[in-house]
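These are the residues of each chain, in order.
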Amino acid sequence: MGFELPALPYAHDALEPHIDTRTMEIHHGKHHAGYTSKLNAAIEGTDLDGQSIDDILSGLDMSNNALRNNGGGYFNHSLFWNVMSPDGGGLPDGSIEAAINESFGSFEAFKDAFAKAAATQFGSGWAWLCVHPGGKLEVCSTANQDNPMMPGIGCGGYPILGLDVWEHAYYLNYQNRRPDYIEAFFNVINWREVSDRYVANK
Ligand code: MN
C-alpha cells in the first residue's frame, strides 16, 4: 500500500517561461517525491495505512509533525501540478467565474486578494482558494506544508487552487522576486480544473 508520486500531467518544460524546467524537475522529482516517501513511512504499520489523503489530513493529530509536514506536502503538490497547465491562464469561466464574482465582487478583486495572501505569507507556505459547503469562496494562506483541511488551521473550506510560495518553487528563476512568480502563476492557472474541483466540492 501507500501513496505513489503522481506523474506530472505535462512535460517538465511545458510551463516555460513562467515556471522553468529545472525547477519543475527538482520540485516534482525531488521535493514531491520526498514528501511522498516520508508520508508512506509515517503511515506504515498504522491504521492510517489505506485511508485517503483527505481523510488523513482532515483527521490529523497536529502534534504528529512527520505526518503533518509530509501528508500536507503530498496533497499540496498533487493539487498544485493539476491546477497549472500550458494551456492555462486567462480568465475563469463556467461555474467558478460566477462564484468568484459572487464571493469577491470581481476577478480583479479575487486576484488582488490571492496575490496578497501569497506575497505576505512569511517564509515558506501556500496561498489557497477554498470552497465552503454551499459554494462560498475564501482566500487564505498557511505556513509550511499545512493545508486548509487540517484541524484548527484557521483557513477554512476545501482547497481547489493552491500556490506554493516556498523558495524552492521559484528561486532558480525568480530569486527573491516572489511577486513576479505570483504574477507568472496567473498565466498558467488551469481554470477548467479549478472549476471542476469547485463543482465537485461545493
Ligand atoms: Mn513545493
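Throughout what follows, the structure given in this document is the object of discussion. (Residues numbered from 1 in each chain as written. Predicted model: local features only at pLDDT ≥ 70, side-chain atom pairs only at ≥ 80, totals over all residues. Heavy atoms only, no water.)

1. Brief notes about the coordination of the manganese ion
Octahedral metals with six donors have ideal donor angles of 90 or 180 degrees. Tetrahedral metals with four donors have an ideal donor angle of 109.5 degrees. At 1.9 to 2.1 Å from the manganese ion lie its protein donor atoms, namely H27 (NE2), H77 (NE2), D164 (OD) and H168 (NE2). Binding-site remark: the manganese ion is held by donors from one chain whose sequence spacing is H-x49-H-x86-D-x3-H. With H77 in helix α3 (residues 65–82) and D164 in strand β3 (residues 158–164), this residue pair connects regions lying 87 residues apart in the sequence. For the pair shown, H77 and D164 are each scored as buried. (Donors = N, O, S within 2.8 Å, 3.2 Å for Na, K, Ca; no water. Helix = DSSP H or I, 4+ residues; strand = E, 2+ residues; numbered from the N terminus. Buried < 20%, exposed > 50% of the residue type's maximum accessible area, 1.4 Å probe, protein only.)

2. With respect to helix α1 (residues 21–43)
Look at α1: 32 Å from first C-alpha to last across 23 residues, which is about the 33 Å you get at 1.5 Å a residue. Along α1, the largest kink reaches about 30 degrees and is centred on H27. Burial in α1 covers these residues: T23, M24, H27, H28, H32, G34, Y35, T36, L39 and I43. As for α1, its buried residues are in contact with α2 (53–58), α3, β3 and α6 (171–174). At the N-terminal boundary of α1, the capping side chain belongs to D20, with an oxygen 3.4 Å from the backbone nitrogen of R22. (Expected span 1.5 Å × (residues − 1). Bend = angle between axes of the 7 residues up to and from the residue. Contact = heavy atoms within 4.5 Å. Polar contact = N/O pair within 3.5 Å; in protein donor to acceptor, adjacent residues only side chain to side chain.)

3. Considering the pattern of salt bridges
As enumerated under the stated definition, the model contains six salt bridges in all. One salt bridge connects R22 with E25, and the closest N-O pair in it is separated by 3.1 Å. A residue pair is termed a helical-turn pair when its members lie 3 or 4 positions apart in one helix, as R22 and E25 do in helix α1 at three residues. The class of E25 is partly exposed, set by a relative accessible area of 31%. (Salt bridge = Lys/Arg side-chain N within 4 Å of Asp/Glu carboxyl O.)

4. A short note on unusual backbone geometry
Residues E16 and P17 are joined by a peptide bond in cis, for which omega reads 0 degrees. Along the polypeptide, P17 turns up in the segment before α1. Here N144, not a glycine, exhibits a phi torsion of approximately 55 degrees, which is positive. You can see N144 is positioned in the loop between β2 (137–143) and β3.

5. Digging into the packing of aromatic side chains
One pair of aromatic rings is described through two measures. These are the centre distance and the angle between the planes. A full pass over the atoms with the stated rule returns 18 aromatic pairs. Consider the rings of F75 and Y158, whose centres lie 6.4 Å apart with planes at 90 degrees: the pair is edge-to-face. Placement of F75 in helix α3 and of Y158 in strand β3 is noted, with a sequence separation of 83 residues between them. For the pair shown, F75 and Y158 are each scored as buried. (Phe/Tyr/Trp six-rings, centres within 6.5 Å; stacked < 30°, edge-to-face > 60°.)

6. Thoughts on the sheet that holds β3
Reading across from one edge, β2-β1-β3 is the order of the three strands in this open sheet, with antiparallel pairing throughout. Each end of this open sheet is capped by a strand with a single partner; those strands are β2 and β3. The mean angle between the axes of side-by-side strands here comes to 25 degrees, regardless of whether they run parallel or antiparallel. Where strand β1 (residues 125–131) lies against β2, seven bridges are found, and the strand directions are antiparallel. Opposite W126, over in β2, you have T142 as the bridge partner. Together, β1, β2 and β3 form the strand contacts of helix α4 (residues 95–104), whose direction differs from that of β2 by roughly 80 degrees. Sheet strands touched by helix α8 (residues 191–201): β1, β2 and β3. Its angle to β3, the strand with the most contacts, is close to 150 degrees. (Pairing = 2+ DSSP bridges. Axes fitted to C-alpha atoms, helices over the stretch in contact; angles between N-to-C directions.)

7. So, the packing of α1 against α3
At a minimum axis distance of 8 Å, the contact between α1 and α3 shows a crossing angle of 140 degrees. One way to sum up the angle between α1 and α3 is to call them oblique. The chirality of how α1 crosses α3 is left-handed. Contacts from M24, H27, H28, H32, G34, Y35, T36, K38, L39, A42 and I43 in α1 reach A66, L67, N69, N70, G71, G73, Y74, H77, S78, F80 and W81 in α3. Grouping the amino acids of the contact of α1 with α3 by side-chain chemistry returns 10 nonpolar, 11 polar and one charged. (Parallel < 35°, antiparallel > 145°, perpendicular 65-115°, else oblique. Left-handed = near helix turned anticlockwise from the far one by under 90°. Nonpolar A, V, L, I, M, F, W, Y, C, P; charged D, E, K, R; others polar.)

In short, shape yes, function no, at least from these values alone.
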